[in-house]
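Chain by chain, the residues run as shown.
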Amino acid sequence: GRERGRRMRDEGELRELWAQSYDGWVDVPGDVTTSVVYLKPTTASLNEISRTCEALPSIVNDVYLFAVTGFNPMGVEVDAATNAAANAKLLVDLRALRDARAMWP
């Protein structure tokens with residue numbers, strides 16, 4: 001399908017897009033020494049990572065963790081107001097989950 005003149009990306013394109021994505025977690029619950037935790041793709045070994053990076057918040061060891069967003073659905077860029085509305089709707093749906101142990105916007 002098309003949205004706003006741009007084609008939606010297929011699964012392979014989305015996988016590649018996410019594999020190159022940086023992640024920023026704001027106000028992570030638990031024992032975090034900074035207000036934002038950044039993650040990025042790497043080819044470094046686990047030993048290299050543990051020697052050169054700050055420890056991740058303990059919550060990543062305790063639960064399955066997913067980063068989801070309502071922004072730019074299926075990789076199709078839309079305007080800021082549409083993105084904000086979609087993300088707000090997603091947050092309402094996520095807050096309705098009964099078994100979620102932690103969530104932060």
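The coordinates are above.
Figured I'd write up the structure that's included with this text. Since this is a predicted model, take the numbers as computed values, not measurements. (Residues numbered from 1 in each chain as written. Predicted model: local features only at pLDDT ≥ 70, side-chain atom pairs only at ≥ 80, totals over all residues. Heavy atoms only, no water.)

Some points on the overall build of the protein
On a plain count of helices and strands, the protein comes out with four helices and four strands. Helices and strands in the protein line up, N terminus first, as β-β-α-β-β-α-α-α. When burial is assessed residue by residue, the protein has 11% of its 105 residues classed as buried. Summed over its atoms, the accessible surface of the protein is roughly 8,500 Å², and 54% of this surface lies on carbon and sulfur atoms. (Helix = DSSP H or I, 4+ residues; strand = E, 2+ residues; numbered from the N terminus. Buried < 20%, exposed > 50% of the residue type's maximum accessible area, 1.4 Å probe, protein only. Areas by Shrake-Rupley, 256 points an atom, 1.4 Å probe, with all protein chains shown as cover.)

Points about a nonpolar patch on the surface
On the surface, Tyr64, Phe66 and Val68 cluster together into a nonpolar patch covering about 460 Å² of accessible area. When its relative accessible area of 52% is taken as the criterion, Val68 is described as exposed. (Patch = residues over 30% accessible without salt bridge, like charges linked within 9 Å, V, L, I, M, F, W, Y side chains within 5 Å. Salt bridge = Lys/Arg side-chain N within 4 Å of Asp/Glu carboxyl O.)

Comments concerning the pattern of salt bridges
On inspection of all chains with the given rule, the structure shows one salt bridge. Residue Lys89 pairs with Asp93 through a salt bridge whose shortest N-O separation is 3.5 Å. Of this pair, Lys89 and Asp93 are both found in helix H4 (residues 80–95), four residues apart, which corresponds to roughly one turn of the helix. Among the residues examined, Lys89 registers a relative accessible area of 53% and is labelled exposed. The class of Asp93 is partly exposed, set by a relative accessible area of 41%.

Thoughts on the environment of Val28
Checked against the element boundaries, Val28 lands in the loop between strand E3 (23–26) and strand E4 (36–39). Through-space distance from the C-alpha of Val28 to that of Pro57 is 7.6 Å; in sequence the pair is 29 residues apart. For Val28, the contacting residues outside a window of four places in its chain are Val37, Pro57, Ile59 and Trp104. (Contact = heavy atoms within 4.5 Å.)

Section: the nonpolar core
Residues Trp25, Val28, Val37, Ile59 and Trp104 constitute the largest nonpolar core, which totals five residues. Excluding anything up to four places from it in sequence, Trp104 contacts Trp25, Val26, Asp27, Val28, Pro29, Ile59 and Leu65. (Core = buried A, V, L, I, M, F, W, Y, C linked by side-chain atoms within 4.5 Å.)

Considering the environment of Asp27
Mapped onto the fold, Asp27 is located in the loop between E3 and E4. The class for Asp27 is exposed, based on a relative accessible area of 54%. Separated by 77 residues in the primary sequence, Asp27 and Trp104 have C-alpha atoms spaced 7.2 Å apart. Excluding residues within four positions of it along the chain, Asp27 makes contact with Ser35 and Trp104.

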